[in-house]
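# Inside the fold
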Amino acid sequence: MQFNALTAHELHDRLAKKEISSVEITEAVFKRIDEVEEKVRSLVTQTRDKALQKAAEVDMKIARGEKIGPLEGIPVLIKDNMCTEGILTTCSSKMLHNFVPPYNATVVEKLKQAGAVIIGKANMDEFAMGSSTENSRFFATRNPWDKERVPGGSSGGSAAAVAADETIYSLGSDTGGSIRQPASFCGVVGLKPTYGAVSRYGLIAYASSLDQIGPFAKDVRDCTRVFGTIAGHDPKDSTSAEFAVPDYTSFLTGDVKGLRVGIPREYFVEGTDSGVKELINNAIKKFEELGAICEETSLPHTEYALPVYYIIAPAEASSNLARYDGVKYGYRDESAEDMVTMYMRTRSEGFGTEVKRRIMLGTYALSSGYYDAYYLKALKVRTLIKQDFDRAFENFDILISPTAPTPAFKFGEKSDDPMQMYLSDVFTISVNLAGIPGLTIPCGFVDGLPVGLQLMGRPFGEGTLFRAAYAFEQNTEFHLSRPKL
Amino acid sequence: MAIQYEIVIGLEVHSELKTASKIFCCSSTEFGGDPNTHICPVCLGLPGVLPVTNKKVVEFGIKAGLALNCTIAEFSKFDRKNYYYPDLPKNYQISQYDLPIAEHGYLDITVDGQQKRIGITRVHMEEDAGKLVHEGETMATSRYSLVDYNRTGVPLVEIVSEPEISSPEEARLYLEKMKAILQYTDVSDCKMEEGSLRCDANISVRPVGQKEFGTRTELKNMNSFRALQKALEYEAERQIEVLEDGGRVIQETRTWDEARGITLSMRSKEEAHDYRYFPDPDLVPMVISQQWIEEIRQTLPELPDARKERYVTDYALPVYDAEVITGSKELSDYFDEGLKHTANAKALSNWVMGELLKYINTSGLSVAGVDFPIPPANLAELVELIDRGDISGKIAKDVFADMQEKGERPSVIIEARGLKQISDEGAIAAVVNEVIAKNPQSVEDFRNGKDKAIGFLVGQVMKATKGQANPGVVNQLLRDKMK
Ligand SMILES: [Zn+2]
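Residues numbered from 1 in each chain as written. Chains lettered and ligands numbered in written order. Predicted model: local features only at pLDDT ≥ 70, side-chain atom pairs only at ≥ 80, totals over all residues. Heavy atoms only, no water.

Before going further, it helps to examine the coordination of the zinc ion. Ideal donor angles around a metal are set by the shape: a four-donor tetrahedron calls for 109.5 degrees, a six-donor octahedron for 90 or 180 degrees. Residue and element names in this part refer to chain B. For the zinc ion, the full set of protein donor atoms is C25 (SG), S27 (OG), C40 (SG) and C43 (SG), at a range of 2.1 to 2.3 Å. Between the four donor atoms coordinating the zinc ion, the angles at the centre fall across 99 to 118°, so the site counts as tetrahedral. Donor residues binding the zinc ion come from one chain and are separated in sequence as C-x1-S-x12-C-x2-C. Here C43 lies in the loop between strand 1 (5–16) and helix 1 (55–67) and C25 lies in the loop between strand 1 and helix 1, a separation of 18 residues in the sequence. Here C25 matches C43 in class, with each residue buried. (Donors = N, O, S within 2.8 Å, 3.2 Å for Na, K, Ca; no water. Tetrahedral: all angles 85-135°; square planar, octahedral: opposite > 155°, others 65-115°. Helix = DSSP H or I, 4+ residues; strand = E, 2+ residues; numbered from the N terminus. Buried < 20%, exposed > 50% of the residue type's maximum accessible area, 1.4 Å probe, protein only.)

Have a look at this one:
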């Protein structure tokens, strides 16, 4: 039995029954990493010693007969933009190549309290800017289903590692699709929670009003368990919501009878791969078979989501990334003779092309004389996009769509054309702008490449998404397929 | 005919709010401390951290706004002011742009006995920056510079006046009044020497009658009330001279050089700053309820103007006295406490404004300090002792000197030194008779109508009694006996 290929809930049951140990699971995970990491390249840092030490602690606890929590003793991989005390946190950037945070992100703290075994940090597009993980300043992560193809991004390392069984589950962050698009490309479950459901404290900001942390998992049940652990109000994050975190597993009934499912017509337009369209239509049929009521609906401002996103996100990024100047931590150009030159060289060399492109875009959008025409207008359109969803959710419990217009694309295919790259997030961006939750689950394959189905819900309606996704998963086998490595 | 110019001044006052912790984190705001000891990941702006607003800062902001007669915003937010400087760890300052906490207020100053109202445009909250320590004179001439982030994130209010200040003296009076108000409301220590009260000034001149403002310059680095007035006086003269010579005033930032008594141009490039303000997405907008505003209003203490009014109306103090005393909260509190122990407000005021202020200035002590040797009750007792005729005003000055030294009550000092005034006619009569006998010439002069002669005789009696005889009684006895 390959322990590393099991889900967290399967492993938890075996741990509780003392059939296996956390050390055995952790060793299995690192054995797998040793075998396949050269092909996948999903990790930028491995914390083997700390992980095995933690696993041994959990085993002692089990040996003492103490009860363990659902994630206790289970290995997890964390995207490298979440601060881990004493462990390198680089954002896959030269700028932070040597940055070791003196504190833990709230999600990391919560996982630690839940007894999680942190195995390392996942590769990503630099500062979470990108859709292919090609923008990592260290190396590109490969899609476990086809090594010629990208894993998606920006949380490409987190997605690929779960698909490759290098970890049991992982954490990513999603600003415009950075969890859902790679989850779709890698054939795993990925959740972008409601804005404010998970604390952003310790998440190195890209675009503060859009960023959310969420899980990658091998099935829906694991996803509920991880989300239930990391969700909740955090006094350290003013934008985190005060809400009671329910037991999300209670939504896993397998029943969707009477569930009202909206199909926004703007998500079924030209430019979407025909194979993807077919799989989504099959999924709609599956939901109808299961008793859900599927009807077409409209989100009329959808076409503005991409331009609005590419004003708001870079604007916030241009300010969020100003602190990387070589003065306090991270990379510094040592050759400069004066401060301004030091600033310029540090930032020119420390940041990669895409990061610099977005900083320039954002700086421009916020500049005096342009603010009203760009940033302010974008905020207004963002409100319209949000209202589209509010209206749709008056009639529907969830909305479904493709997660991405295509399956995973090849390396280099879009990296020279930013617009083409940006379009790969066209179906995921609205969800961030509206602040609502979005879940992606595997719904089939096109030419051997996985395709994701996106489920969108009301704010704090993650439970309904889990209910629908679980019913679909129980009646399909797509989530059971694994890439051959 | 020479052109007459008028001066237009607007002031930007920065005042540190005296909360225990910083504006967006739990680090201490205490002044001093070794470099980089009052810091945490949040005020260091480390990757991933988020600000959380200290509610006390908003409360103090509202309180300052109310004390300055402002309208408090029901909806307010924080914005990011983006600029690069090493003392600013995030390279943006969290400040307020278009929705400040308070707007449309005023404060009154008294110029040449006339009240003048100066408009307050806005009061907004923001975080302070850190401090650079250069190896050499400036960053450019140093091999390295060090940064101390202890002050980073200390809460500030910035208070912007309307351009309604018409002279350097008015500017000083405005700043003095501002300091008094902020101290009375207890939101700030306002110590200019520790930088907890700072002031920048915008100044322009224009020919009398011209409607448009002249080109303004911004003055920085005035570290005292006196420096503010001096710098503005210099700058007004400089601008007028430029115009008189047919030149044009350049819009720029100038720094006050205290030692040379002149203003110097800083890089005018700074004026080109585009701060790219936008709402801070890490902080949610503040909705301020009327109820909270009213609760804070209830906590407002008596402000300097009201207290001045009370002194004039209830205690018949001259306006000048009332202004001097209420100009400092400490002094005014001292005076109020003293009034509990004497009814003679005018006499107490004279002592406070005279001997007490002189002593404070020479000793450098604060009347509010625990080690201050003259509690208000003791000074009031001294006033009472004079009123009762127990000591003369002259002896009282000696007693006051002893009170500084020993910290004792004046009655105790008088008793110990036997300084009590002799008012008993029998005891004085003997000395009077003696003096009359010894000074026949003076007695003769007095009887011949030279009234001045009595002064000499009184002096002789006082001398013989070591100043303890009641001068009134002495005078009366002499006159009676020389009739
Ligand atoms: Zn702090």
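Structure's up, so let's keep going.
Residue and element names in this part refer to chain B. Across the sheet, which stays open at both edges, the nine strands sit in the order 2-6-7-10-1-11-12-13-14 with mixed pairing between neighbours. The open sheet has two edge strands, strand 2 (71–72) and strand 14 (262–265), and neither has a second partner. Looking at chain direction, strand 12 (residues 217–220) and strand 13 (residues 253–257) are connected through three bridges and run parallel. Bridge assignment links L219 to a residue of strand 13, and that residue is R254. (Pairing = 2+ DSSP bridges.)

Our focus in this paragraph is the packing of aromatic side chains. Residue and element names in this part refer to chain A. In total, this model carries 34 aromatic pairs over all chains according to the counting rule given. With 6.3 Å between their ring centres and 25° between their planes, F472 and F478 make a pair best called stacked. Of the aromatic side chains, those joined through ring pairs into one cluster are F99, F127, Y324, Y329 and F351. In this arrangement the basic side chain of R41 is found over the ring face of F139, its NZ or CZ atom lying 4.2 Å from the centre. (Phe/Tyr/Trp six-rings, centres within 6.5 Å; stacked < 30°, edge-to-face > 60°. Lys NZ or Arg CZ within 6 Å of the ring centre and 35° of its normal.)

Moving on: the nonpolar core. Looking at soluble globular proteins, one finds that nonpolar side chains tend to be buried together. Residue and element names in this part refer to chain A. If you look at the biggest cluster of nonpolar residues, it comprises 80 residues, and the most contacted ones within it are F287 and L455. Sort the elements by how many residues they give to this core and helix 15 (residues 462–474) lands first, with seven residues. Aside from chain neighbours lying at most four places away, what touches L455 is F287, I398, L399, I400, P437, G438, L439, I441, L465, A468 and A469. (Core = buried A, V, L, I, M, F, W, Y, C linked by side-chain atoms within 4.5 Å. Contact = heavy atoms within 4.5 Å.)

Once that is clear, we can look at the domain arrangement of chain B. Residues and elements named next belong to chain B. By domain assignment, chain B separates into domain 1 (5–295), domain 2 (304–417) and domain 3 (425–481). Just the C-alpha atoms count here: the centres of domain 1 and domain 2 sit 36 Å apart. Across the contact, seven residues belong to domain 1 and ten residues belong to domain 2. Taking both partners together, domain 1 and domain 2 bury about 700 Å²; carbon and sulfur atoms supply 54% of that area. On the domain 1 side of the contact with domain 2, T110, K177 and Y184 bury the most area, a combined 69% of that side's loss. Between domain 1 and domain 2 we count one salt bridge in total. Between D305 and K177 there is a salt bridge, with its nearest N and O atoms 2.8 Å apart. Taken together, the connections running from domain 1 to domain 2 amount to four residue pairs in polar contact (both at pLDDT 80 or more). When residues of the side of domain 1 that touches domain 2 are traced back to their parent elements, those giving at least two are strand 6 (102–111) and helix 2 (168–184). (Domains from an automatic or database assignment. Buried area = accessible area lost by both parts, 1.4 Å probe. Salt bridge = Lys/Arg side-chain N within 4 Å of Asp/Glu carboxyl O. Polar contact = N/O pair within 3.5 Å; in protein donor to acceptor, adjacent residues only side chain to side chain.)

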